[in-house]
Amino acid sequence: SVEVALADLCAILLCCWPMLASCRRVTIFPAVLTLHEGDKATFFCNISMENDSGSEYRLNWYKTNHSQAQKTAEISRYKDMTETEKYRLINHSPVFEIEILNLHQNDSGSYYCGLINFFESNKVMESSRSQLIVTAAPQMNATDEPEMEEGNPSEHVKAMLLGILLLAGVAVLLIFGYLTLMYRRGDVQKPLSENVPAEEKPAVVSISTVDYGVLEFQRDQHTPVPPKPWPVEQTEYATIIFPEEKPVTPERGKKHLD
């Protein structure tokens with residue numbers, strides 16, 4: 001009986017092997033996704049099979065509300081991307097990425113993937129359900145805005161501060177360069193006598209200068225008065241005769257000293 005059972009099992013496997021070899025499975029993740037209004041939801045559908053025979057298939061994206069399924073988007077095996085106003089399907093075969101854009105609260109619900117095989121016996125396969133929950137956008141209180149601004153300054157304020165620091169640095173560099181240039185130019189324009197060391201300075205010779213001028217006296221415009229006559233005086237002359245001095249000889253000098 002054991003041999004008969006093994007033989008029957010082998011026969012069943014041989015008959016069903018072509019069907020099992022081409023069997024596909026569809027899985028979806030994440031199972032639950034919670035987001036705010038205005039965000040973007042992203043799901044992934046994975047298609048796996050034991051032996052890919054290259055058959056044609058299509059992936060459908062469904063949304064269920066109150067147990068009623070509605071197809072919202074689709075993409076074929078050989079298409080790279082499909083995009084609508086609400087959905088974007090991207091082919092990363094064997095994984096398909098599904099994006100739900102600009103979420104609203106009415107986008108909440110259950111979603112799943114459906115695989116349609118065109119040339120296989122098992123034509124329709126569905127994944128498990130994933131739940132999407134869309135909540136209202138968080139309300140920001142007026143009192144929270146100043147605290148947020150104080151703790152996290154905006155990007156334009158940071159850019160403004162950085163620009164001010166850069167301008168201040170450039171101004172300091174320009175002033176420093178100008179002062180350095182003027183200092184070097186002053187050294188070049190100094191007289192030669194100032195550049196010579198103190199011990200090598202030439203001797204200073206003072207030269208006196210005399211300025212000559214002409215004095216003009218105003219003449220008296222009155223009629224000149226003739227000089228008074230002086231009486232004639234007699235002049236007497238006398239002759240003084242000095243004795244002749246004899247030359248001084250050594251003997252006479254000695255006698256004179258005695």
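Further up the page is the structure itself.
Nothing here was measured: the structure is a model prediction, and the numbers come from that model.

A. Seen up close, the overall build of the chain. When helices and strands are counted, the chain shows five helices and 11 strands. Here the chain, with 258 residues, has 20% of them falling under the buried criterion. A separation threshold of at least 6 residues defines the contact pool for the chain, and within that pool the share at least 24 residues apart is 55%. By element, 60% of the accessible surface of the chain is carried by carbon and sulfur atoms, the whole surface being about 21900 Å².

B. Expanded view of the nonpolar core. By size, the foremost hydrophobic cluster in this structure holds 25 residues, and its most contacted members are Ala41, Phe43, Trp61, Ile100, Cys113 and Leu132. For this core, the leading source of residues is strand 3 (residues 41–49), giving four residues.

C. Inspection of the pattern of salt bridges at higher detail. As enumerated under the stated definition, the model contains seven salt bridges in all. One salt bridge in this structure joins Arg58 and Glu74, with 3.4 Å as the shortest N-O distance. Highlighted residues: Arg58 in strand 4 (residues 57–65) and Glu74 in strand 5 (residues 68–76), separated in sequence by 16 residues. Owing to a relative accessible area of 24%, Arg58 belongs among the partly exposed residues under this scheme. Put simply, Glu99 and Arg88 hold a salt bridge, and the shortest N to O gap is 2.4 Å. Note that Glu99 is positioned in strand 8 (residues 95–100) and Arg88 in strand 7 (residues 87–92), a separation of 11 residues in sequence. Here the salt bridges share partners, and the residues they tie into one network are Lys40, Glu83, Arg88 and Glu99.

D. Quick look at unusual backbone geometry. Residue Pro30 follows Phe29 across a cis peptide bond; omega there is 0°. Its location among the elements puts Pro30 in the loop between strand 1 (24–29) and strand 2 (32–36). Here the residue pair Ser93 and Pro94 is connected by a cis peptide bond, since its omega of 10° sits within 30 degrees of zero. For Asn102, which is not glycine, the phi torsion reads 50° and is therefore positive. Here Asn102 lies in the loop between strand 8 and strand 9 (109–117).

E. Summary view of the state of the cysteines. What the rule picks out here adds up to one disulfide. Each sulfur of the disulfide joining Cys45 and Cys113 lies 1.4 Å from the other. Taken as a pair, Cys45 in strand 3 and Cys113 in strand 9 lie far apart in primary sequence, 68 residues in all. Since its relative accessible area comes to 0%, Cys113 is described here as buried.

F. Region of the structure containing the pairing of strand 5. Sheet topology note: the strand 4/strand 5 ladder contains eight bridges and is antiparallel. Each residue of the ladder has a partner; that of Leu59, found in strand 5, is Ile75. In textbook terms, the turn of a hairpin is the stretch between consecutive antiparallel strands, and for strand 4 and strand 5 this stretch comprises two residues, one of which, His66, has a positive phi near 55°.

G. Quick look at the side chain of Asn91. Summarising the element assignment, Asn91 is placed in strand 7. You can call Asn91 buried: its relative accessible area is 15%. Looking at Asn91, its side chain comes within polar contact range of the main-chain oxygen of Arg77, at 2.7 Å. Among the polar contacts made by the side chain of Asn91, one reaches the main-chain carbonyl oxygen of Lys79 at a distance of 3.1 Å. Once residues within four sequence positions are removed from consideration, Asn91 is found in contact with Ile75, Ser76, Arg77, Tyr78, Lys79, Asp80 and Phe96.

Reading the values: rules and limits
Residues numbered from 1 in each chain as written. Predicted model: local features only at pLDDT ≥ 70, side-chain atom pairs only at ≥ 80, totals over all residues. Heavy atoms only, no water. Helix = DSSP H or I, 4+ residues; strand = E, 2+ residues; numbered from the N terminus. Buried < 20%, exposed > 50% of the residue type's maximum accessible area, 1.4 Å probe, protein only. Contact = heavy atoms within 4.5 Å. Areas by Shrake-Rupley, 256 points an atom, 1.4 Å probe, with all protein chains shown as cover. Core = buried A, V, L, I, M, F, W, Y, C linked by side-chain atoms within 4.5 Å. Salt bridge = Lys/Arg side-chain N within 4 Å of Asp/Glu carboxyl O. Disulfide = S-S within 2.5 Å. Pairing = 2+ DSSP bridges. Polar contact = N/O pair within 3.5 Å; in protein donor to acceptor, adjacent residues only side chain to side chain.

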